[in-house]
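Commentary on secondary and tertiary structure
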Amino acid sequence: MQFSRYNIFSKIRDSENYFIVNLLSGNADILDKADALKIEAIRNGESFQEDGFYNELIEKGYITEESREKKEYRKKYLDFIDSREKDEIQIFFVPNYTCNFACSYCYQDQYVNQPGELKTGVIDAFFSYLQEKFAGRKKYITIFGGEPLLNSPKQKQIISYIIDKATLAGLELCFVTNGYYLEEYMPVLLKGKIREIQVTLDGTEKVHDSRRFLKGGGKTFEKISKGIDLCLQNKINVNLRMVIDRDNIDNLPELADYAIKRGWTISDYFKTQIGRNYELHHCQSAPGRLFDRLSLYESIYELVKRHPHITKFYKPAYSISKYLWENGELPDPLFDSCPACKTEWAFDYTGNIYSCTATVGKKEESLGTFFPDIKLKEEIIEQWESRDVTSIPGCSDCSVQLACGGGCGSLAKNNTGSICSADCRPVKELMELGFNAWFENYNS
Ligand code: SF4
Ligand code: SF4
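First things first, this report covers the structure right here in the doc. (Residues numbered from 1 in each chain as written. Chains lettered and ligands numbered in written order. Predicted model: local features only at pLDDT ≥ 70, side-chain atom pairs only at ≥ 80, totals over all residues. Heavy atoms only, no water.)

1. Re a negative patch on the surface
Here is the rule we go by: In this scheme, patches are assembled from residues that exceed 30% relative accessible area and form no salt bridge. Like charges are connected within 9 Å, while nonpolar side chains (Val, Leu, Ile, Met, Phe, Trp, Tyr) are connected within 5 Å. Using the Shrake-Rupley algorithm and a 1.4 Å probe, accessible areas are obtained, with residue cover drawn only from the displayed protein chains. Salt bridges are identified by distance alone: a Lys or Arg side-chain nitrogen within 4 Å of an Asp or Glu carboxyl oxygen. Counted charges follow a simple rule, with Lys and Arg positive, Asp and Glu negative, and His plus the chain ends left uncounted. Just so you know, the charge point we use is NZ for Lys, CZ for Arg, CG for Asp and CD for Glu. Going along the chain from the N terminus, every DSSP run of H or I of four or more residues is numbered as a helix, and every run of E of two or more is numbered as a strand.
A cluster of like negative charges, contributed by Glu378, Glu379, Glu382 and Glu385, occupies part of the molecular surface. Positionally, Glu382 belongs in helix 13 (residues 378–386).

2. A word on the side chain of Ser267
Inclusion rule: Burial here depends on accessible area, computed with a 1.4 Å probe over protein chains only, as a share of the maximum for the residue type. Under 20% is buried, over 50% is exposed, and the range in between is partly exposed. As used in this structure description, the phrase polar contact means that two N or O atoms lie within 3.5 Å; if the pair is within protein, one of them must be able to donate a hydrogen and the other to accept it, and residues adjacent in sequence are counted only when both atoms belong to side chains.
Looking at where Ser267 falls in the secondary structure, it is placed in the loop between helix 9 (252–261) and strand 11 (270–276). Judged by its relative accessible area of 17%, Ser267 falls in the buried class. Within polar-contact distance, the side chain of Ser267 engages the backbone nitrogen of Tyr269 at 2.9 Å.

3. Some points on the nonpolar core
Selection criterion: By nonpolar core we mean a set of buried residues, namely Ala, Val, Leu, Ile, Met, Phe, Trp, Tyr and Cys, connected to one another through side-chain atoms within 4.5 Å. For this analysis, residues touch if any pair of their heavy atoms sits within 4.5 Å.
Membership of the largest hydrophobic core comes to 94 residues, with the highest contact counts inside it found for Phe175, Ile300 and Phe347. Apart from residues no more than four positions distant in its own chain, Phe347 is found in contact with Ile91, Phe92, Phe93, Val94, Phe126, Tyr129, Leu130, Phe134, Asn352, Ile353, Val360 and Phe370. Of all hydrophobic cores here, the second largest spans 24 residues; its members include Ile320, Leu324, Leu330 and Leu402.

4. Focus: the site of ligand 1
Stated precisely, the cut-off is as follows: Each residue is tested against the molecule or strand, and it is near if at least one of its non-hydrogen atoms lies within 4 Å. Each residue receives one of three labels: charged for Asp, Glu, Lys and Arg, nonpolar for Ala, Val, Leu, Ile, Met, Phe, Trp, Tyr, Cys and Pro, and polar for the others, Gly being one of them.
As a matter of local geometry, ligand 1 sits amid Cys338, Pro339, Ala340, Glu344, Cys356, Ala358, Trp384, Cys408, Gly409 and Ser410. Residue composition of the shell around ligand 1, by class: seven nonpolar, two polar and one charged.

5. Quick word on the site of ligand 2
The immediate surroundings of ligand 2 are formed by Gly394, Cys395, Cys398, Val400, Gln401, Cys404, Gly406, Ala422, Asp423, Cys424 and Arg425. The class makeup of the residues in the shell around ligand 2 is six nonpolar, three polar and two charged.

6. Description of helix 3 (residues 66–86)
Put simply, the rule is: The length a helix should cover is 1.5 Å for every residue beyond the first. This arc is taken over the directions from the axis of the helix to the C-beta atoms.
The terminal C-alpha atoms of helix 3, which comprises 21 residues, lie 31 Å apart, in line with the 30 Å expected from a rise of 1.5 Å per residue. All of the buried residues in helix 3 are Glu69, Tyr73, Tyr77, Phe80 and Arg84. Considered in projection along helix 3, the buried side chains sweep an arc of 80 degrees and stay on one side of the axis. Helix 3 presents Ser67, Arg68, Lys71, Arg74, Leu78 and Lys86 as exposed residues on the side facing more than 90 degrees away from its buried surface. As for helix 3, its buried residues are in contact with strand 5 (63–64), helix 13 and helix 14 (401–404).

7. Side note on the packing of helix 6 (residues 182–189) against helix 8 (residues 221–233)
Rules: With axes taken as lines fitted to C-alpha atoms, and helix axes fitted only over the stretch in contact, angles between N-to-C directions fall between 0 and 180 degrees. Roughly parallel refers to an angle under 35 degrees, roughly antiparallel to one over 145, roughly perpendicular to one between 65 and 115, and oblique to any angle outside these ranges.
Running from N to C, helix 6 and helix 8 cross one another at 25 degrees; their axes reach a closest spacing of 9 Å. Classified by the angle their axes make, helix 6 and helix 8 are roughly parallel. Here Leu182, Glu183, Glu184 and Met186 of helix 6 lie close against helix 8, whose contacting residues are Lys223, Gly227, Ile228, Leu230 and Cys231. Taken together, the residues of the contact of helix 6 with helix 8 break down into five nonpolar, one polar and three charged.

8. Describing the packing of aromatic side chains
Counted only if it meets this: Each pair of aromatic rings taken from Phe, Tyr and Trp, with Trp reduced to its six-membered ring, is defined by centres within 6.5 Å and is described as stacked if the planes are under 30 degrees apart, edge-to-face if over 60, and tilted in the remaining cases. Only when the NZ atom of a Lys or the CZ atom of an Arg is both within 6 Å of the ring centre and within 35 degrees of the ring normal do we say a charge sits over the ring.
Counted according to the given criterion, the structure contains 26 aromatic pairs. Ring geometry for Tyr97 against Tyr349: centres 6.0 Å apart, planes inclined by 55 degrees, an arrangement best described as tilted. One end of the pair, Tyr97, is in the loop between strand 6 (89–94) and helix 4 (120–133); the other, Tyr349, is in the loop between strand 12 (344–348) and strand 13 (352–354), with 252 residues separating them in the sequence. When sorted by exposure, Tyr97 lands in the same class as Tyr349, which is buried. An angle of 90 degrees between the planes, with centres 5.5 Å apart, marks the rings of Trp325 and Phe439 as edge-to-face. One end of the pair, Trp325, is in helix 12 (residues 321–327); the other, Phe439, is in helix 16 (residues 427–441), and 114 residues separate them in sequence. When its relative accessible area of 35% is taken as the criterion, Trp325 is described as partly exposed. The exposure class of Phe439 is partly exposed, given its relative accessible area of 26%. Members of the aromatic cluster, joined through ring pairs, are Phe93, Phe126, Phe127, Tyr129, Phe134, Trp345, Phe347 and Phe370. In this arrangement the basic side chain of Lys38 is found over the ring face of Phe53, its NZ or CZ atom lying 4.8 Å from the centre. Sitting over the face of the ring of Tyr185, Lys156 holds its NZ or CZ atom 5.7 Å from the ring centroid.

9. Thoughts on unusual backbone geometry
Across the junction of Gly145 and Gly146, the peptide omega takes the value 10 degrees, indicating a cis bond. Among the secondary structure elements, Gly146 is positioned in the loop between strand 7 (139–143) and helix 5 (153–169). With omega at 0 degrees, the peptide bond leading from Phe371 into Pro372 counts as cis. With respect to the helices and strands, Pro372 occurs in the loop between strand 14 (368–369) and strand 15 (375–376). Notably, Lys235 is not glycine yet its phi reads approximately 60 degrees, a positive angle. Relative to the helices and strands, Lys235 resides in the loop between helix 8 and strand 10 (238–244).

In structure tokens:
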């Protein structure tokens, strides 16, 4: 018998209590200090009493036999692969890389704009490719950019054509947009089956307008806000994203307050996400202003303590903590957190195919073409497809692997040169925050 290699055990932040989580056995507990000391002793291989507490640890899989655990791991891994094969595929399509905004932090600003424009032949080839390659799979399309909703008659025609093709194919559409021309696009959008519109607001008016302005200057906040109102009135789901760094994080309470007062947070069609401004593609001009994953969530944790109304607007997940609180059980083990080339693909108007939104538009990352001819770089696709915690060196000995899933393949490649390498997530530290937030604070 031994202490399970998948136990995640630590002290809850700002509390006397501890937590233990095991995603393989599916158990989680909050412990007082006395029980935590007993577990600590067992983990350190000290002698222990085989009492009721010890038996409970065995029952819950915190203490286990290695061979039994290996068998369980294999079984759960096969279940994971099976269920992923039935998962819905998210297909991104980029109709253009141009944009009417000049955001202060845009990672696409260095992309050399590719020549040419989207022709209907490329759209037809894209839909044929989907029907053929992903036949029988559940799927939906996300239109991404650049900015897809530009206000020219030509662009409206293109978006309208894409919507008609998607309707014909029985596919739902999402749009990732800066939200500036939502009002102008409403009649076009209302023709299709729109699953969600993702719009970015980086704060209240002054803060947002200082970061996300029109090319050549010009405020955008008020027009985007009206666009969000319109979507909600028309029962179109809005996913409001706030991209955060150290320059705007203190504005989160005010943006939450604004969304509450504008009636957004009580709409069934409204949800939010926080995007971390980070160095995905190239060094930002002021890297000192960026958060790493943990420091971002530590700052949000402190902010929510002082401004609890934030949770009406945004509920931080802190790894699996929120899920556990909301569902009363753990999620299934996560053997892979990177959907690239498994349940996510990206295509662009030049006819190229990419793994996902992190690589789309980077010519050297192209995995082949769907137009004018179908050509695939099978060897690189195979590397993306096989990436998970069982294939990444380093992950197999990691106790948080089934909550982490190996991180992002693109970030890993940027850091190490190899797709199949680790992009570590501070899972234990996030849970330390999350157990306090969800189990001892937000709901007390
Ligand atoms: S490479 Fe990163 S951004 Fe792309 S699908 Fe994987 S996790 Fe997501
Ligand atoms: S990426 Fe890092 S933290 Fe995540 S499972 Fe692998 S070794 Fe563990």
